[in-house]
Each structure stands twice: as C-alpha cells, then as structure tokens.
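Structural description and commentary
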Amino acid sequence: TSQIPIVMVAQGDPLGLGVVKSLARPEANITGITNATVELVGKRLQLLKELLPRAQHFAVIVNPNDENASAQMANATTTASALGVALAPIVNLRAVDELDAAFAQIAASGAAGALRLVDPLTSMVRPAIQQAAVRHRVPVMYAFREDVTLGGLIAYGASQAEVYRQAARLVHRLLQGARPADLPVEMPTVYEFAINLRTARALGITVAPTLLAGATDVIE
C-alpha cells in the first residue's frame, strides 16, 4: 500500500530482502521491528556448543523454501568453523508431516544436537517439533522462549512480547503524524535465554551451572 502505513514485525532480514532501503531510513511506507533472526544464528550455535561441549557435529533443520534460509545458513557456517564443529546433516523441513523422517535422519546420523533455523513453520508446528525432538532424543536449539515453555530444550532470541510492545510504540508514533519512511527499523531491545531442565533430564543432559547462571528463564 502507498496510503496506509505498515508496521512490520520481521522474522527475517528486511534490508537483505529489499523490504526497506535502509534500516535507519526505510524510505518506504513501512517501518517496524526485526527479530534479528539472521544475526542471532551464530549465538544460538555457540550456546548449543556450550551445552554439549564434546559435540563434533550438529544437524541443522532448515526450510529451503524460506527466503531467509541462505543467510541463516551462511551465519551458521561461519560460526561452526570458528567453533571447530561440522554442520551435518542439513535436514530439510517444509511441513509437519516431514517431522518424524527429519528427526529419524538426525538421530541416525549421530549428531550431538540440532540447530533449528527460523521460518514461518517455527510457530505453526511448535508443539509437534518439540514432541518429535524428545521422541527421537535429539537436543534442539530453538529461537524463542515460547519453544522452551512448551517442552523444548533450549532457546535464545528476542523477547516476542517486547518486540510487539516496540511495534505498538511505533504505531502510536504513526498515529501522532510521523511518517514510516522517517522511523528507523528497530532491533529488539530484550533478549531471552531459556532452558528446560525437565527436558534436559529426559534427554540425559546435565546443564553446566555456568550456562544456567546466564539463563533468563529456567524451567524446573
């Protein structure tokens, strides 16, 4: 639309995808918040390595149809090289009916754990993917605290509640007369690191005290 202002909550890279010309000055009828999806992939992999320090390779769960998949994979590959771990297998997940086959492949590969990249399926199949992960005994690093509260093992990412509060503040500014083109696209201001100790025990994982000390949410 060229008339109605748009406030987005982006799970990808709005600059890289061409949604805006600049994060500082969108120069379009759109502004909003980015979930820092691509930028946080490396941090998630680093935390997964801290959780499983003896790991030599991790699987990556990716939706190849997602526009942000290649950027996330590039970030993961760079971080994996720095950590001295391999990323294998790279498992495609496009729909919920592929879950069991995907996790069976990961379990058979001997990967110490898996990194779940973010795509539109992230929230749509949330309970199903967590159940499949525990069923196949695969430790998975997720992107959001909500994954952990529903039974996932570990997650690091932007606070979804706070991201939407930020978006609401931008809506308020637009209603006061500001132009979207003049409002910078914001990064998240609050990040959450969650660990589910019940799931850790079910998977036979002992979480290091140093890792627990850095968590914002620990589910007993």
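So, here's what we can say about the structure.

1. Here's the deal with the packing of aromatic side chains
Counting across every chain of the model gives two aromatic pairs. Seen from their ring centres, Y156 and Y191 are 6.3 Å apart, and the 10° between their planes marks the pair as stacked. Residue Y156 is found in strand β7 (residues 154–158), and its partner Y191 is found in strand β8 (residues 191–196); the two are separated by 35 residues along the sequence. In this structure Y191 comes out as partly exposed when scored by relative accessible area, which is 29%. Ring centres of Y156 and F193 lie 6.3 Å apart, and the angle between their planes is 65°; on these two criteria the pair is classed as edge-to-face. Here Y156, found in strand β7, pairs with F193, found in strand β8; they are 37 residues apart in sequence, far enough to count as distant. In this pair, the class of Y156 matches that of F193, namely buried.

2. Describing the pattern of salt bridges
Counted by the stated rule, this structure contains nine salt bridges. With a closest N to O distance of 3.3 Å, R145 and E192 form a salt bridge. In this pair, R145 is assigned in helix α6 (residues 145–149) and E192 in strand β8, connecting sequence segments 47 residues apart. A residue is classified by how much of its surface remains accessible, and E192, at 12% relative accessible area, is buried. Between D182 and R179 there is a salt bridge whose closest N-O contact spans 3.0 Å. Judged by relative accessible area, which is 32%, D182 ranks as partly exposed. Overall, the relative accessible area of 48% leaves R179 in the partly exposed class. A single network of salt bridges, built from pairs that share partners, joins R25, R179 and D182.

3. Observations concerning unusual backbone geometry
Residue P89 follows A88 across a cis peptide bond; omega there is -5°. Take P89: it is sitting in strand β4 (residues 86–92). Backbone geometry places A36, a non-glycine residue, at a positive phi of 55°. With respect to the element layout, A36 can be found in the loop between β2 (30–34) and α1 (41–51). Even without being glycine, R137 reaches a positive phi, approximately 60°. Structurally, R137 is set in the loop between α5 (126–135) and β6 (140–142).

4. Description of the sheet that holds β4
One key point about sheets: their strands pair by backbone hydrogen bonds, in either a parallel or an antiparallel sense. Reading across the sheet, the seven strands line up as β4-β3-β5-β6-β7-β8-β9 and stay open at both edges, with mixed pairing between neighbours. Every other strand in the sheet has two partners, leaving β4 and β9 (217–219) as the edge strands with one partner each. Between one strand axis and the next, the sheet turns by 20° as a mean value, whatever way the strands run. Where strand β3 (residues 57–62) lies against β4, five bridges are found, and the strand directions are parallel. Considered in β4, the bridge of F58 is made with L87. Lying on the sheet, helix α3 (residues 99–109) is in contact with β3, β4, β5 (114–116) and β6; it crosses β4 at an angle near 155°.

5. Observations concerning the nonpolar core
Core analysis: the biggest nonpolar cluster contains 33 residues, and L51, F193 and I195 have the highest contact counts within it. Contributing elements (two or more residues each) for this core: α1, β3, α2 (69–83), β7, β8 and α8 (197–202). With five residues, the top contributor of residues to this core is α1. Other than its neighbours up to four places away in sequence, F193 contacts L47, I154, A155, Y156, L211, G214, A215, T216 and D217.

6. Examining the pairing of β8
Regular strands have side chains that alternate between both faces of the sheet. Counting buried positions along β8 yields five of six residues, so the element is predominantly enclosed. In terms of strand pairing, β7 meets β8 through five bridges, oriented antiparallel. Looking across to β8, one finds that Y156 is bridged to F193. Relative to β9, β8 runs parallel, the two sharing three bridges. Pairing of I195 across the sheet is with V218, part of β9.

Thresholds, definitions, all that
Residues numbered from 1 in each chain as written. Predicted model: local features only at pLDDT ≥ 70, side-chain atom pairs only at ≥ 80, totals over all residues. Heavy atoms only, no water. Phe/Tyr/Trp six-rings, centres within 6.5 Å; stacked < 30°, edge-to-face > 60°. Helix = DSSP H or I, 4+ residues; strand = E, 2+ residues; numbered from the N terminus. Buried < 20%, exposed > 50% of the residue type's maximum accessible area, 1.4 Å probe, protein only. Salt bridge = Lys/Arg side-chain N within 4 Å of Asp/Glu carboxyl O. Pairing = 2+ DSSP bridges. Axes fitted to C-alpha atoms, helices over the stretch in contact; angles between N-to-C directions. Contact = heavy atoms within 4.5 Å. Core = buried A, V, L, I, M, F, W, Y, C linked by side-chain atoms within 4.5 Å.

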